[in-house]
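Commentary on secondary and tertiary structure
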Amino acid sequence: MVVTKDLSRLGRNYVQSGLYIETYFPEHEVRFVAILDNIDTAYDTSNNDIAPFKSILNEMYAKDTSKKINSVLQSKRNLGEYLGTAPYGYKKDPLDYNHYIIDQDIAPIVRRIFMLARNGKTPTEIGKLLTDERTLVPSEIVGNGHTRKDGIKRGWNRNTVKRILQNVTYLGWVSNGNTKKINYKSKKTMIMPIEDRIIKKGMHTPIIDEETFNIVQDMIKSRTSTRVKSYDWLLKGLVCCKECGKKLSLVPQK
């Protein structure tokens, strides 16, 4: 038996809710009861017959709520307000949470990352250098206690370094709308093109000057190439890292 307060507690997606009530539960001899909606699949009643319509109304409510929330968030984006945690090198101003101030302990690390990149170091080389020096990773600064098995701390990788090098926040800008959910039913997000993002300049004190930032972007673009061949190997998706549990991949070297 599955008992819920009402039908919406089972789900607000009428397709999935209907699949469970009409197909899955009967096939597995599961009795479903929604107390406030007087729905009980053990009995053939009119309340059971209108359950699909109630599921549609529940989904419409979720969709309407999603629109209202998105409207508020869009208004904040247009004003250049910050909608997430402060990036590596900044912290929220205690007097105004919609304003960033420089974290004097971390900002030198950010400046060093940009200078290393400007001097020709690749993100992979910078990541290895920072890991060897046991430099705090961004997740440790914002309070995420992510660790690998056996207490081994996470190190820097090329993607983390590259995200920092491409983040316009270090110019004193605010970039909102960088990602977008496919729809209110899905948690999957997609990265938005730069021209569709809302960027406000001069919102806080910059850590990096614009000349250095542009030089680094040009260097990153010069190393970017499009893969023309796909490499498959026999154990693809089957071998995992002993420490972190992530699946290993094959990286061909020239």
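Bear in mind the structure is a predicted one, so any value in this text is a computation, not a measurement.

Regarding unusual backbone geometry
It is generally the case that most residues other than glycine have a negative phi and that most peptide bonds are trans. Backbone geometry places Asn38, a non-glycine residue, at a positive phi of 55°. By the secondary structure assignment, Asn38 is in the loop between strand S2 (32-34) and strand S3 (39-40). Of the residues examined, Asn38 reaches a relative accessible area of 53% and is grouped as exposed. The backbone of Arg134 sits at a positive phi, close to 60°, despite the residue not being glycine. Of note, Arg134 is situated in the loop between helix H6 (123-132) and helix H7 (138-141). With a relative accessible area of 76%, Arg134 lands in the exposed category.

Considering the pairing of strand S4 (residues 90-93)
Working note: regular strand, side chains alternate between the two faces of the sheet. As paired elements, S4 and strand S5 (residues 96-102) share four bridges and run antiparallel to each other. Bridging across to S5, Asp93 finds its partner in Asp96. Counting the residues between successive antiparallel strands, the hairpin from S4 to S5 contains two residues.

A short note on the pattern of salt bridges
Summed over the entire model, instances satisfying the criterion amount to eight salt bridges. A salt bridge links Lys54 to Asp37, with the nearest nitrogen and oxygen atoms 3.6 Å apart. You can see Lys54 sitting in helix H4 (residues 51-78) and its partner Asp37 sitting in the loop between S2 and S3, a full 17 residues away along the chain. With its nearest N and O atoms 2.6 Å apart, the salt bridge here joins Arg112 to Glu133. Taken together, the residues Arg112 in helix H5 (residues 107-118) and Glu133 in the loop between H6 and H7 connect sequence positions 21 residues apart. Looking at Glu133, the relative accessible area reads 39%, which means it is partly exposed.

A look at the side chain of Ser17
Examined against the element boundaries, Ser17 turns out to sit in helix H2 (residues 14-27). Among the polar contacts listed, one links the side chain of Ser17 to the backbone oxygen of Gly11, at a separation of 3.2 Å. Once you skip the residues sitting within four places of it in the chain, Ser17 turns out to touch Leu10, Gly11, Arg12 and Ser55.

Focus: a nonpolar patch on the surface
A cluster of nonpolar side chains, namely Tyr14, Val15, Ile50, Phe53, Ile56, Leu57 and Met60, defines an oily patch on the protein surface of about 690 Å² accessible area. Secondary-structure elements contributing two or more residues to the nonpolar patch are H2 and H4. Counting residues per element, the nonpolar patch draws most heavily on H4, which supplies four residues. Along the polypeptide, Ile56 turns up in helix H4.

Parameters at a glance
- Residues numbered from 1 in each chain as written.
- Predicted model: local features only at pLDDT ≥ 70, side-chain atom pairs only at ≥ 80, totals over all residues.
- Heavy atoms only, no water.
- Helix = DSSP H or I, 4+ residues; strand = E, 2+ residues; numbered from the N terminus.
- Buried < 20%, exposed > 50% of the residue type's maximum accessible area, 1.4 Å probe, protein only.
- Pairing = 2+ DSSP bridges.
- Salt bridge = Lys/Arg side-chain N within 4 Å of Asp/Glu carboxyl O.
- Polar contact = N/O pair within 3.5 Å; in protein donor to acceptor, adjacent residues only side chain to side chain.
- Contact = heavy atoms within 4.5 Å.
- Patch = residues over 30% accessible without salt bridge, like charges linked within 9 Å, V, L, I, M, F, W, Y side chains within 5 Å.
- Areas by Shrake-Rupley, 256 points an atom, 1.4 Å probe, with all protein chains shown as cover.

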